[in-house]
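Descriptive analysis of the structure
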Amino acid sequence: MTLPSWPFRPDPGTVLRTALRLPARQLAHQLGHRLAGPARRPRATSLEGVTGLAARLPPPAPEGTPGPDGVVLFGQPPHDPLQGGWEPPRGPLYLYTLHYHGWLQREPPARALATIEHWIAHHPAGVGWEPYPTAMRALHWIGWLSGHLDDLDGPTRRRLLASLAAQLRHLERHLELHLDGNHLWTDLAALATAALALDGPRPVALAHAVGRFAATVAAQLTLDGLHRERTPTYHCLLAEQLAGVVALHPERVDPHAAAALRSDLARMLAVLPAFTHPDGDVALWGDSQRDAPVTPAALAARCGVDLPLGTDANAPSSGLFRRAWGPWTVLWNAGGLGMPQQVGHIHGDWLGLELSLGDERVVVDAGAGTYDRVAERAYARSTRAHN
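Residues numbered from 1 in each chain as written. Predicted model: local features only at pLDDT ≥ 70, side-chain atom pairs only at ≥ 80, totals over all residues. Heavy atoms only, no water.

All right, on to the nonpolar core then. Counting residues in hydrophobic clusters, the biggest one holds 89 residues, and the most contacted among them are Trp-144, Trp-185, Phe-213, Leu-242, Leu-261 and Phe-275. Ranked by the residues each element gives to this core, the list is headed by helix H8 (residues 181-197), at eleven residues. Dropping the residues within four chain positions of it, Leu-242 is found in contact with Trp-185, Phe-213, Val-217, Leu-261, Asp-264, Leu-265 and Met-268. (Core = buried A, V, L, I, M, F, W, Y, C linked by side-chain atoms within 4.5 Å. Buried < 20%, exposed > 50% of the residue type's maximum accessible area, 1.4 Å probe, protein only. Helix = DSSP H or I, 4+ residues; strand = E, 2+ residues; numbered from the N terminus. Contact = heavy atoms within 4.5 Å.)

Laid out in structure tokens, this is it:
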């Protein structure tokens, strides 16, 4: 197999075949997005409308390891954004993750607050305002504020909540309808979380997001409860976001949506064994990775459910299976496209298998090494990189 040269630019035939897979509405949003460009410049960076907390969100799983020289992401050298800025010369995934602020829970409160305040003051526009990092950051900020808002003085509290209000308004205006899939799910999870966790007229105006999030969740799950992008790492992350919304008692604003969300969370948890090794982590189907912020074992513990290991498990609608014989466990992927309109995380891993002996992995897939448009990325997604 000959890998394409990089940077890869698809030929017109590839573009046409891709466009034919997209629903008309998504295609229209794709065209609009390409004409307008990334949503990196908000209309306002501070707005009134969020006055405090209405409920407290269990913090999302942390991402990133802070230290004396900065935060470590993806095993790369530490970077201190307070000294080196918020757009260092790193790849797009690194920059997105830097703007999640996923390490705040691991920082002393004073340092976490300094990080938030520095971002507000020094990043009024740029990659951190794109919808996905905005949604992820909103979730981490709400989680951090749930434990620390009462400790802030009045001016600091108002400054942080005003920035959060502006971010939520920007996110609401720029939902990633051109992408669909996990990006749209996360956008709506952040808005639904804000509607339930925050107090004030702005969260009240976001109450509709709870029902919209429930509809998106239902549309993106298979009959087995697997997220249709068929990437176990993302399934776990999205299930954690759903669990956060459920923990905030969405029946307060939409009882019908609340019942659907609770049912769908139960299905997402029930399907975990079909892609989980005896070590409690995921099979590397699609863009999965080991030791991600949300593993199946961590997700099950967070939600208070058992995670059977060393047993048979089936998800026939999703095409994922697990069989155990004594100390041996084999997982295989029977294939399936999942979401034809969003294949950004799909690999050529159909009919692939992974094997464990006890807690030791013996045969593994490639998973996600990088999202950068380099030859390594093309290889990791190719059929030849899988078992």
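This part covers a nonpolar patch on the surface. A cluster of nonpolar side chains, contributed by Trp-325, Trp-328, Leu-357 and Val-362, occupies part of the molecular surface with about 410 Å² of accessible area. Mapped onto the fold, Trp-325 is located in strand S6 (residues 320-325). Overall, the relative accessible area of 53% leaves Trp-325 in the exposed class. (Patch = residues over 30% accessible without salt bridge, like charges linked within 9 Å, V, L, I, M, F, W, Y side chains within 5 Å. Areas by Shrake-Rupley, 256 points an atom, 1.4 Å probe, with all protein chains shown as cover. Salt bridge = Lys/Arg side-chain N within 4 Å of Asp/Glu carboxyl O.)

A word on the packing of aromatic side chains. What describes a pair of aromatic rings is the distance from one ring centre to the other and the angle between the planes of the rings. For the coordinates displayed, the defined rule picks out six aromatic pairs. Relative to Tyr-132, the ring of Tyr-100 has its centre 5.9 Å away and its plane inclined at 70°; by these criteria the two rings are edge-to-face. In this pair, Tyr-100 is assigned in the loop between helix H4 (92-98) and helix H5 (109-122) and Tyr-132 in helix H6 (residues 131-148), connecting sequence segments 32 residues apart. The exposure class of Tyr-100 is buried, given its relative accessible area of 6%. (Phe/Tyr/Trp six-rings, centres within 6.5 Å; stacked < 30°, edge-to-face > 60°.)

With that settled, the discussion passes to the packing of H6 against H8. Look at H6 against H8: their axes get within 9 Å of each other, and the N-to-C directions meet at 35°. Viewed along their axes, H6 and H8 form a crossing whose handedness is left-handed. Across the interface between the two elements, Pro-131, Tyr-132, Ala-135, Met-136, Ala-138, Leu-139 and Ile-142 of H6 pack against Asn-182, His-183, Thr-186, Asp-187, Ala-189, Ala-190, Thr-193, Ala-194 and Ala-197 of H8. Its residues assigned to classes, the contact of H6 with H8 shows eleven nonpolar, four polar and one charged. (Axes fitted to C-alpha atoms, helices over the stretch in contact; angles between N-to-C directions. Left-handed = near helix turned anticlockwise from the far one by under 90°. Nonpolar A, V, L, I, M, F, W, Y, C, P; charged D, E, K, R; others polar.)

Per the stated rule, a full pass over the model turns up 13 salt bridges. Residues Arg-111 and Glu-107 are paired through a salt bridge, measuring 3.8 Å at the closest nitrogen-oxygen approach. Taking relative accessible area as the criterion, Arg-111 reaches 29% and is therefore assigned partly exposed. Look at Glu-107 and you get buried, because its relative accessible area is 15%. Among the charged side chains, a salt-bridge network with shared partners connects Asp-279, Arg-290, Glu-354 and Arg-361.

Once that is clear, we can look at unusual backbone geometry. Even without being a glycine, Asp-180 presents a positive backbone phi close to 65°. Following the sequence through the fold, Asp-180 ends up in the loop between helix H7 (154-173) and H8. For Asp-180, a relative accessible area of 18% puts it in the buried group. The backbone phi angle of His-249 is positive, close to 60°, even though this residue is not glycine. Among the structural elements, His-249 can be located in the loop between helix H11 (232-247) and helix H12 (255-270).

Turning next to the environment of Val-282. Of note, Val-282 is situated in the loop between H12 and helix H13 (296-303). Exposure remark for Val-282: the relative accessible area of 1% places this residue in the buried category. Between the C-alpha atom of Val-282 and that of Pro-296, which follows or precedes it by 14 residues, the distance is 6.7 Å. With residues up to four places along the chain from it excluded, the contact list for Val-282 reads Pro-232, Thr-233, Cys-236, Phe-275, His-277, Ser-288, Gln-289, Pro-296 and Arg-361.

Residues of strand S8 (residues 352-357) alternate between two faces, with Gly-352, Glu-354 and Ser-356 buried on one and Leu-353, Leu-355 and Leu-357 left unburied on the opposite face. The pairing of strand S7 (residues 328-333) with S8 spans six bridges and is antiparallel. Its bridge partner lying in S8, Leu-331 is registered against Glu-354. Bridge analysis of S8 against strand S9 (residues 360-363) gives three bridges, and the strand direction is antiparallel. Across the sheet, Leu-357 pairs through a bridge with Glu-360, a residue of S9. Following S8, the chain reverses through two residues before pairing antiparallel with S9; Gly-358 in that reversal takes a positive phi of roughly 60°. (Pairing = 2+ DSSP bridges.)

We now examine the confidence of the model for the protein chain. When pLDDT is averaged along the protein chain, the result is 92; 96% of the residues meet or exceed 70. Between residues 1-8, whose pLDDT stays under 50, and residues either more than four places distant or in other chains, the model counts eleven contacts. (pLDDT = per-residue confidence, 0-100.)

Our next topic: the sheet that holds S8. Pairing is antiparallel across the open sheet formed by five strands, whose spatial order is S5-S6-S7-S8-S9. Every interior strand has two partners, whereas the edge strands, strand S5 (313-315) and S9, have only one. Averaged over all neighbouring strand pairs, the angle between strand axes comes to 20°, with direction disregarded.

Glancing now at the pairing of S7. Examined bridge by bridge, S6 and S7 share six bridges and lie antiparallel to one another. Residue pairing for S7: Ala-324 is matched across the bridge by Thr-329. As consecutive antiparallel partners, S6 and S7 are separated by two residues, and within that stretch Gly-326 has a phi angle of approximately 60°, a positive value.

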